[in-house]
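# Geometric and topological summary
Listed below are the residues making up each chain.
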Amino acid sequence: MTTTSRADLRQVLRTSRRLITSLQEANGAYPASPSFSAYRGYCWLRDGAFIADGASAAGEVASATAFFDWCQTVIVRYEERIRAVVAAEAAGDPLPDAQMLPARFTFDGRLGRDDWWDFQLDGYGTWMWAAAEHARRHGLDATRWRRGAELTVDYLASSWRRPCYDWWEEHDEHVHVSTLGCIAAGLSAAADSDLVGADRRETARRTAGEVAEVITTDGVTGGHLIKWIGDDALDGSLSSLVAPLRVIPADTGLARVTLDALERDLCVEDGVYRFAADTFFGGGRWPLLSCFLGLARAAQGDRRRARALLDWAVAAADADGVLPEQVDGHLLAPDRRQEWLDRWGPVASPLLWSHAMILRLAVELGVPGEVGEPTDDHRISDNEGTQRA
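All of the points below concern the structure found in this document. (Residues numbered from 1 in each chain as written. Predicted model: local features only at pLDDT ≥ 70, side-chain atom pairs only at ≥ 80, totals over all residues. Heavy atoms only, no water.)

## Some remarks on the packing of aromatic side chains
Rules: Under the pairing criterion, centres of Phe, Tyr and Trp rings, with the six-membered ring standing for Trp, must be within 6.5 Å; the plane angle then separates stacked pairs below 30 degrees from edge-to-face pairs above 60, leaving the rest tilted. Exposure is judged per residue with a 1.4 Å probe applied to protein chains only, and the accessible area is read against the type maximum: over 50% gives exposed, under 20% gives buried, and values in between give partly exposed. For helices the rule is a DSSP run of H or I covering at least 4 residues; for strands it is a run of E covering at least 2, with both sets numbered from the N terminus onward. When the NZ atom of lysine or the CZ atom of arginine is within 6 Å of a ring's centre and also within 35 degrees of its normal, the charge is said to sit over that ring.
Taken as a whole and assessed by the stated rule, the structure comprises 30 aromatic pairs. Aromatic pair Tyr42 and Trp44: ring centres 6.4 Å apart, planes at 65 degrees, arrangement edge-to-face. The pair formed by Tyr42 and Trp44 is uniform in burial state, with each residue classed as buried. For the ring pair Trp340 and Trp344, a centre distance of 5.4 Å and an interplane angle of 55 degrees mean the geometry is tilted. Here Trp340 and its partner Trp344 are both found in helix α12 (residues 337–344), four residues apart, which amounts to about one turn of the helix. For Trp344, a relative accessible area of 17% translates into the label buried. Through a chain of ring-to-ring contacts, the aromatic side chains of Phe36, Tyr39, Tyr42, Trp44, Trp116, Trp117, Phe280, Phe281, Trp340 and Trp344 assemble into a single cluster. Sitting above the plane of the Tyr42 ring, Arg104 keeps its charged end 3.5 Å from the centroid.

## Re the sheet that holds strand β6 (residues 271–273)
Selection criterion: Pairing between strands is defined by DSSP: at least two bridges between them are needed.
Taken in spatial order, the three strands line up as β5-β6-β7 in an open sheet, and their pairing is antiparallel. This sheet does not close on itself; its edge strands, each paired only once, are β5 (267–268) and β7 (285–286). Pairing geometry for β6 and β7, over two bridges, is antiparallel. Directly across from Tyr273, in β7, lies its bridge partner Arg285.

## Digging into the environment of Glu133
Among the secondary structure elements, Glu133 is positioned in helix α5 (residues 122–138). Along the backbone, Glu133 and Ala58 are 75 residues apart, and their C-alpha atoms lie at a distance of 13 Å.

## Describing helix α11 (residues 303–315)
Applied cut-off: How far a helix is expected to stretch is found by multiplying one less than its residue total by 1.5 Å.
Between the first and last C-alpha of α11 there are 18 Å, a value that for 13 residues agrees with the 18 Å anticipated at 1.5 Å per step. Among all positions of α11, only Arg305, Ala306, Leu309, Leu310, Trp312, Ala313, Val314 and Ala315 are buried.

## Some details on the environment of Tyr42
Quick reminder of the rule: It only takes one pair of heavy atoms within 4.5 Å for two residues to be counted as in contact. Within 3.5 Å is the distance limit for a polar contact, defined as a pair of N or O atoms, with the added protein rule that one can donate a hydrogen and the other accept it, and that residues adjacent in sequence qualify only through two side-chain atoms.
Along the polypeptide, Tyr42 turns up in strand β1 (residues 42–44). Look at Tyr42 and you get buried, because its relative accessible area is 9%. For the pair Tyr42 and Gly181, spaced 139 residues apart in sequence, the C-alpha separation works out to 24 Å. Look past the residues within four positions of Tyr42 in its chain and what remains in contact with it is Tyr30, Pro31, Ala32, Arg104, Phe105, Thr106, Phe107, Gly112, Arg113 and Asp114. For Tyr42, the side chain forms a polar contact with the side chain of Asp114, separated by 2.5 Å.

## Describing the packing of helix α2 (residues 45–57) against helix α3 (residues 61–77)
The line we're drawing: Angles here are taken between N-to-C directions and fall from 0 to 180 degrees, while the axes themselves are lines fitted to C-alpha atoms, restricted in helices to the stretch in contact. For this classification, under 35 degrees means roughly parallel, over 145 means roughly antiparallel, 65 to 115 means roughly perpendicular, and everything else is oblique. By convention the crossing between two helices is left-handed if the near helix lies anticlockwise of the far one by an angle smaller than a right angle, and right-handed if it lies clockwise. Each residue is assigned to one class: nonpolar for Ala, Val, Leu, Ile, Met, Phe, Trp, Tyr, Cys and Pro, charged for Asp, Glu, Lys and Arg, and polar for all the others, Gly among them.
Axis separation between α2 and α3 bottoms out at 8 Å; the angle between their running directions is 155 degrees. As far as their axial angle goes, α3 and α2 are roughly antiparallel. Crossing of α2 against α3: the hand is left-handed. For the pair formed by α2 and α3, the contact residues are Leu45, Gly48, Ala49, Ala52, Ala55 and Ser56 on the first element and Ser63, Ala64, Phe67, Phe68, Trp70 and Cys71 on the second. Of the residues assigned to the contact of α2 with α3, the class counts are nine nonpolar, three polar and no charged.

## Remarks on the environment of Arg161
With respect to the helices and strands, the residue Arg161 is situated in the loop between α6 (146–159) and α7 (177–191). Residue class for Arg161 comes out exposed when judged on its relative accessible area of 56%. It is 38 Å that separates the C-alpha atoms of Arg161 and Arg304, two residues lying 143 residues apart in sequence. In contact with Arg161, other than residues within four places in its own chain, are Val175, Glu210 and Val214.

## Thoughts on the packing of helix α10 (residues 287–299) against α11
Their axes nearest at 8 Å, the elements α10 and α11 cross at an angle of 165 degrees. Our classification of the angle between α10 and α11 gives roughly antiparallel. The hand of the α10/α11 crossing is left-handed. Each of Pro287, Ser290, Cys291, Leu293, Gly294, Arg297 and Ala298 in α10 lies in contact with α11, whose residues at this interface are Arg305, Ala306, Leu309, Trp312 and Ala313. Taken together, the residues of the contact of α10 with α11 break down into eight nonpolar, two polar and two charged.

In structure tokens, the structure reads:
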């Protein structure tokens, strides 16, 4: 299926801002999707960080600030667990995965009670990267998140080499290049900002360099980045390492070959798949991944290609401007779609991460209209949470 626009860009941008700010919890947590059965009641550090970055870029300063306040609160709550992880690693007796920090928390910052593919490291790097970007973009004092960031640096510096689940909560037996990219971006951001003090700054900078070295050596096959170390497969999330994370400079051969490979192998009619073996809801194309690829192409100076990718993502919206997690049509595994419908119901919609990436790419391309200017509602003070619409 080729997506057909049922809502124009301006409408989708308005809807995106409204959903992100109105669905945000009073304490700053963002729901991944308010109605999807498997996501309801949880906030992911990774999803939330990219949502906050999109909101921040679009001028929703208070909303993004509240999310990073939530991250700090959650991480400090589990300070003793982090210290136990660091101590066990230093002693050469790492804790089992079940005792590591999870990818998602309940809105009140607690551990979930249902089974999930929880041990993921990417979100811990991503929240620091996004917080530093937010502070830089709006001239804010990043030291308000210092305690949480310093604990995060300790956690990542001790454990970044461990295999864990990827962005898609799969394959915990591997070390994933996109996960390493998030870690490197977060540690670099911490080292280059006021997120951490001088003692942690050197740790963050050194570790970021070590992670980047692994990415550009073990994480490359055939001249392009790979899904996980030890294979030659691609993943749609890899474009994020070019932009917005800027782990791989956009003008390098590694960036060019990687993006060209993604276009060739994982992109159909401007819609981007997660990976070639994807069977989730039949293996559809994800608007947010088209936006990541668009950001990477824009970083290379190809704004026309970036705009085409944005237009495809916008065309995935319904008549109300609401964006799903993935779209039907050109499914990789159509025979597997029904089992997921039976298990969890329809595809998640709205997915706030999709809406955030639309905003982020639109801002990058200078699209006029509903992005780039603060709104009059959903404003908060430094010490307050966001207000529900």
